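# Commentary on secondary and tertiary structure
The residues making up each chain are set out below.
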Amino acid sequence: MCELLTASRISKVFESKNLLGWVRALHDVSLAVKENEFVSIVGPSGCGKTTLLSIIGGFEKPSAGELFLGGEPIDGPSRDRGFVFQADALFHWLSVEQNVAYGLRVQGYTRAQQREIVERNLALVGLTGFRTSMPGELSGGMRQRVAIARALATDPKILLLDEPFGALDVLTRKKMQNELAGIWDRTHKTVILVTHSIEEAIVLSDRILVMTKSPGTVRHSLAVELGRPRSPRDPQFRELELSITELIMDELGDEE
Amino acid sequence: MTHQPISRDARYRRRIARLRAMSTPVKVIKGTLSILIVALVWWAVTDAMRLFTPLVLPSPITVAKAAWQLLFDPELRLFSGGVYNGNLIGHALVSTGRVILGFSVGVIVAVPLGVLLARSRRLEPYVDPVLQILRPIPPIAWTPLAILWFGIGLEAIVFLIFLGAFWPMLLNTISGIREVPPILGRAAASLGASRRQTLFTVVLPAAIPFLFTGLRLSFGSAWITIVAAELIAASEGLGYLIMNARRILAAPDIIVGMLMIGLLGLTFDRLFRALERRLYAP
């Protein structure tokens, strides 16, 4: 398996109103994601994980460093990289199926192709019955499933998920984790998931990157070698969850 | 937190439903009643108690008679003091036509300019100061200049209406486009939409509520401007009718003209609201 995405020595500096006039959000971050790999990035708030994902998405430019997707340098957003946001980013004036078809429409797919692909992706996220619903009529969890179907419809090389379940309540969130695990089992799409839930990261990932704060950088990379589907009841699951928690707590302790 | 969070949209929809549930007949009865009360008080201070001379404030009955004649029999209202064109419907049509013309030009200029200004951070510092200085000048203050440039006639009036319609539309377009959440544009870009496609398929549709508010305010402003413009620079139209009626001391005709302006303004406002609901069901 070759490396699909590589980021080398990414730094990001923002202007700020503090004494220095700037703040360092990311410092010297390097990572590589293999084809069909599910990688999660966990870390405390403010560690720059969302900034990192925005840079990979092409929405922000790094202050230093280089990114490549399949050998091509990343320069701006593109259909190569599907993105699911934490906040509701559905087009609320379009129906569910029109939302999922949006990327296909702007890319010039025929009506017949659009219909077939939309059908398949709505089935994948279990929303076939809601084709003609408007986003405003759906629950938060269903809306995020539409967002996932929309991002998958254009068959991106990699799917970037920025705390997609962060705005959901705890129970819906757990349900969505399992749904996403199921979707990944069926598609084996390359995924980077940013989350602050360690449990979510363990349920879903092949590998977990632990980020730390000030400066924001990737401190640890842990392979998750548990069989799928994974259950938090599994003692090995618990053990891994505890050790990742400790890693993060240690770093926070240093800082205090 | 075990319950499903109630979304903002759901709450909004429920409020709409409650408003609709307040049954239409009840609203109509209440509305009619309030108009009747105003008319009754009006009648009481004029015909009944004679607190005002009819020359200053004619009774509602006189006004109703005048309205009837102006609508259906305008020749009967030829006063001795010279030529007086009292054709109410004709004047109303002329005014409406002018408003639609000036309003259309205003919207056609304001929307693309607003989009451009909202989307281009580089252009804004150059254009913004000019706009800030011109914006507080009421369209009416342009009247002398408009007459100087275009003479008394259609062009001057359309120019003034254009100014009246232009500002609300421009400002609402700019804020509408700026209020579109950036993640919608990011989502479109990551789905392969070009900048142009993003503008037409995401940014503008997302800004529709603001654009409609702009249209409504803009039409209201145009409607206010036309009457003022016609008071000065016209030889027909509702503003002219009112001004002419004052010249011959026909107070009932002034009031009829004013009520006509109010009713037409209300009608257009309702039309825009209905159109907005049709296009953008919440």
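Up top is the structure.
### Things to note about the overall build of chain A
Helix and strand counts for chain A come out as 7 helices and 10 strands. Taken along its principal axes, the extent of the C-alpha atoms in chain A is 55 × 45 × 40 Å. For chain A, the residues scored as buried account for 44% of the 256 residues in total. Sequence-distant contacts, at least 24 apart, represent 68% of the contacts inside chain A between residues at least 6 apart.

### Section: the pairing of strand 10 (residues 217–223) of chain A
Residue and element names in this part refer to chain A. Summarising the sheet, strand 9 (residues 207–212) and strand 10 pair through 6 bridges and their orientation is antiparallel. Looking at the pairing, Val210 lines up with His220 of strand 10. Between strand 9 and strand 10, which pair antiparallel and follow one another directly, the connecting turn spans 4 residues, one of which, Ser214, has a positive phi of 30°.

### Some points on the sheet that holds strand 6 (residues 81–84) of chain A
Residues and elements named next belong to chain A. Reading across the sheet, the 6 strands line up as 6-7-8-3-9-10 and stay open at both edges, with mixed pairing between neighbours. What marks the edges here is a single partner per strand, and that holds for strand 6 and strand 10. Taken pair by pair, the neighbouring strands of this sheet meet at an average axis angle of 20°, ignoring direction. Examined bridge by bridge, strand 3 (residues 38–42) and strand 9 share 4 bridges and lie parallel to one another. Each residue of the ladder has a partner; that of Val42, found in strand 9, is Val210.

### Here's the deal with the sheet that holds strand 2 (residues 22–34) of chain A
Strand pairing within a sheet occurs via backbone hydrogen bonds; the two strands may be parallel or antiparallel. All names here are of chain A. Ordered in space as 2-1-4-5, the 4 strands form an open sheet in which the pairing is antiparallel. With partners counted over all chains shown, the strands left at the sheet margins are strand 2 and strand 5 (72–73), one partner each. As paired elements, strand 1 (residues 3–15) and strand 4 (residues 64–69) share 5 bridges and run antiparallel to each other. Opposite Thr6, over in strand 4, you have Phe68 as the bridge partner. On the sheet, helix 1 (residues 49–57) packs against strand 1, strand 2 and strand 4 and is oriented at approximately 120° with respect to strand 1.

### Comments concerning the interface of chain A and chain B
Taken residue by residue, the interface counts 24 residues in chain A and 19 residues in chain B. Broken down by secondary-structure element, the contributors of at least two residues to the side of chain A that touches chain B are strand 6, helix 2 (96–106) and helix 5 (170–187) of chain A. Here the residues of the side of chain A that touches chain B sort into 12 nonpolar, 9 polar and 3 charged.

### A word on the environment of A:Lys189
Residues and elements named next belong to chain A. Looking at the secondary structure, you find Lys189 in the loop between helix 5 and strand 8 (190–194). With 19 C-beta atoms counted inside 10 Å, the residue Lys189 sits in the partly exposed group. Through-space distance from the C-alpha of Lys189 to that of Leu159 is 7.1 Å; in sequence the pair is 30 residues apart. For Lys189, the contacting residues outside a window of four places in its chain are Leu152, Leu159 and Trp184.

### Regarding unusual backbone geometry
Residues and elements named next belong to chain A. A cis amide bond links Arg228 with the next residue in sequence, Pro229, at an omega value of -5°. Its place among the elements puts Pro229 in the loop between strand 10 and helix 7 (235–255). Residue Asp155 is not a glycine yet carries a positive backbone phi of 50°. Structurally, Asp155 can be placed in the loop between helix 4 (140–153) and strand 7 (158–162). Even without a glycine there, the phi angle at Glu163 is positive, about 40°. Here Glu163 shows up in the loop between strand 7 and helix 5. Residue Glu163 is classed as buried on the basis of its C-beta count, with 20 C-beta atoms lying within 10 Å.

### Let's talk about the nonpolar core
Here is a general trend for soluble globular proteins: nonpolar side chains tend to be buried in one another's company. Ranked by size, the top nonpolar core spans 78 residues in total, and within it A:Ala149 and A:Ile192 carry the most contacts. The residues contacting A:Ile192, other than those within four sequence positions of it, are A:Val33, A:Val39, A:Ile41, A:Leu53, A:Ile56, A:Ile158 and A:Leu160. Membership of the second largest hydrophobic core comes to 50 residues, among which are B:Leu88, B:Val111, B:Trp167 and B:Leu241.

### Focus: the packing of helix 4 (residues 88–119) of chain B against helix 11 (residues 238–247) of chain B
Residues and elements named next belong to chain B. Two numbers describe how helix 4 lies on helix 11: the axes approach to 7 Å, and their chain directions differ by 135°. Looking at the two axes, helix 4 sits oblique to helix 11. Along the contact surface, helix 4 presents His91, Ala92 and Ser95, while helix 11 presents Leu238, Tyr240 and Leu241.

### A closer look at the pairing of strand 1 of chain A
All names here are of chain A. Bridge analysis of strand 1 against strand 2 gives 9 bridges, and the strand direction is antiparallel. Paired with Ile10 across the strands is Val29, a residue of strand 2. Between strand 1 and strand 2, which follow one another and run antiparallel, lie 6 residues, and Gly21 among them has a positive phi close to 90°.

### Some details on the packing of helix 10 (residues 208–233) of chain B against helix 12 (residues 251–279) of chain B
All names here are of chain B. Where helix 10 contacts helix 12, the two axes come as close as 10 Å, and the packing angle between them is 170°. With respect to helix 12, the element helix 10 is oriented roughly antiparallel. Here helix 10 runs over helix 12; the crossing is right-handed. Contacts from Ile208, Phe212, Leu215, Arg216, Phe219, Gly220, Trp223 and Val227 of helix 10 reach helix 12 at Ile261, Gly265, Phe268, Asp269, Phe272, Glu276 and Leu279. Residues that form the contact of helix 10 with helix 12 fall into these classes: 10 nonpolar, 2 polar and 3 charged.

Parameters and conventions
- Residues numbered from 1 in each chain as written.
- Chains lettered and ligands numbered in written order.
- Predicted model: local features only at pLDDT ≥ 70, side-chain atom pairs only at ≥ 80, totals over all residues.
- Helix = DSSP H or I, 4+ residues; strand = E, 2+ residues; numbered from the N terminus.
- Buried ≥ 20, exposed ≤ 12 C-beta atoms within 10 Å, placed from the backbone.
- Contact = placed C-beta atoms within 7 Å.
- Pairing = 2+ DSSP bridges.
- Axes fitted to C-alpha atoms, helices over the stretch in contact; angles between N-to-C directions.
- Nonpolar A, V, L, I, M, F, W, Y, C, P; charged D, E, K, R; others polar.
- Core = buried A, V, L, I, M, F, W, Y, C linked by C-beta atoms within 7 Å.
- Parallel < 35°, antiparallel > 145°, perpendicular 65-115°, else oblique.
- Left-handed = near helix turned anticlockwise from the far one by under 90°.

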